[in-house]
Amino acid sequence: KQEVTQIPAALSVPEGENLVLNCSFTDSAIYNLQWFRQDPGKGLTSLLLIQSSQREQTSGRLNASLDKSSGRSTLYIAASQPGDSATYLCASNYGGSQGNLIFGKGTKLSVKP
Amino acid sequence: AAGVIQSPRHLIKEKRETATLKCYPIPRHDTVYWYQQGPGQDPQFLISFYEKMQSDKGSIPDRFSAQQFSDYHSELNMSSLELGDSALYFCASSVGLRTDTQYFGPGTRLTVL
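Criteria and thresholds
Residues numbered from 1 in each chain as written. Chains lettered and ligands numbered in written order. Predicted model: local features only at pLDDT ≥ 70, side-chain atom pairs only at ≥ 80, totals over all residues. Heavy atoms only, no water. Phe/Tyr/Trp six-rings, centres within 6.5 Å; stacked < 30°, edge-to-face > 60°. Helix = DSSP H or I, 4+ residues; strand = E, 2+ residues; numbered from the N terminus. Buried < 20%, exposed > 50% of the residue type's maximum accessible area, 1.4 Å probe, protein only. Disulfide = S-S within 2.5 Å. Polar contact = N/O pair within 3.5 Å; in protein donor to acceptor, adjacent residues only side chain to side chain. Contact = heavy atoms within 4.5 Å.

## Details of the packing of aromatic side chains
Thinking step 1. Applying the stated criterion across every chain yields a total of 8 aromatic pairs over all chains.
Thinking step 2. Geometrically, the ring pair formed by Phe103 of chain A and Phe104 of chain B is edge-to-face, given 6.0 Å between the ring centres and 80° between the ring planes. Taken together, the residues Phe103 of chain A in strand 10 (residues 101-103) and Phe104 of chain B in strand 10 (residues 103-104) connect one chain to another. Both residues of the pair, Phe103 of chain A and Phe104 of chain B, count as buried.
Thinking step 3. Ring-pair connections join several aromatic residues into one group, and the members of that group are Phe36 and Phe103 of chain A together with Tyr33, Tyr35, Phe45, Phe90 and Phe104 of chain B.

Here it is as structure tokens:
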């Protein structure tokens, strides 16, 4: 069964810190991996998508990496801000005839001013 | 830029009633996915459609059905509602199945009393 695990479940950091969120997946035959942000009771905002042929993607203060062989992805947030406080979810896509996303349970991030 | 539209945004129903959720994908997107997110849970895939045909089925109860119409919008029909159906229901759209980013709508919050 394909599973996605995120560690830690929650993280609290002071403003300005650099931080890393971890995501692991059980099946390395991944098509792509997507990172999302979710504010409480709100929808999912796509942050970054990494194709299986890529090693990393960057957008502003965010950098996501993908290591298929080890079944891991990381989301690096530089110079964290209180506005970054949210739950971050990673989701794997195995493509094929499905293409549906398998989500991890997320990391709840709190950035303290 | 146009986003995925979901209606209604909030819905309150009694047990055993029926509900219909609607999803309007981003223009020129031909694939629609439905996900269910229970309280404190990660999103779970329900069903997807590609070019108006069902492409995959996840953990969707038999009481639920869905379809994609000629204009690519999709509807999720839920009958004999149960308390456990209370959740956020997300629709996502993309171009094709073997695809890039899935763009999520704001969700419909269904409360079953």
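## Here's the deal with the state of the cysteines
All names here are of chain B.
Thinking step 1. Counted according to the given criterion, the structure contains 2 disulfides over all chains.
Thinking step 2. Bridging Cys23 to Cys91, the disulfide has an S-S length of 1.7 Å. With the S-S bond torsion at -50°, the cross-link from Cys23 to Cys91 turns out left-handed. Here Cys23, found in strand 3 (residues 19-24), pairs with Cys91, found in strand 9 (residues 87-94); they are 68 residues apart in sequence, far enough to count as distant. Here Cys23 and Cys91 have matching classes, each one buried.

## Topic: the side chain of Gln37 of chain B
Thinking step 1. Relative to the assigned elements, Gln37 of chain B resides in strand 4 (residues 31-37).
Thinking step 2. Accessibility expressed as a relative area gives 8% for Gln37 of chain B, which makes it buried.
Thinking step 3. A distance of 2.8 Å separates the side chain of Gln37 of chain B from the side chain of Gln38 of chain A, its partner in a polar contact.
Thinking step 4. Reaching out from Gln37 of chain B, the side chain makes a polar contact with the backbone oxygen of Gln41 of chain B at a distance of 2.8 Å.
Thinking step 5. What Gln37 of chain B contacts, discounting residues up to four positions off in sequence, is Gln38 of chain A together with Asp42, Pro43, Ala87, Leu88 and Phe90 of chain B.

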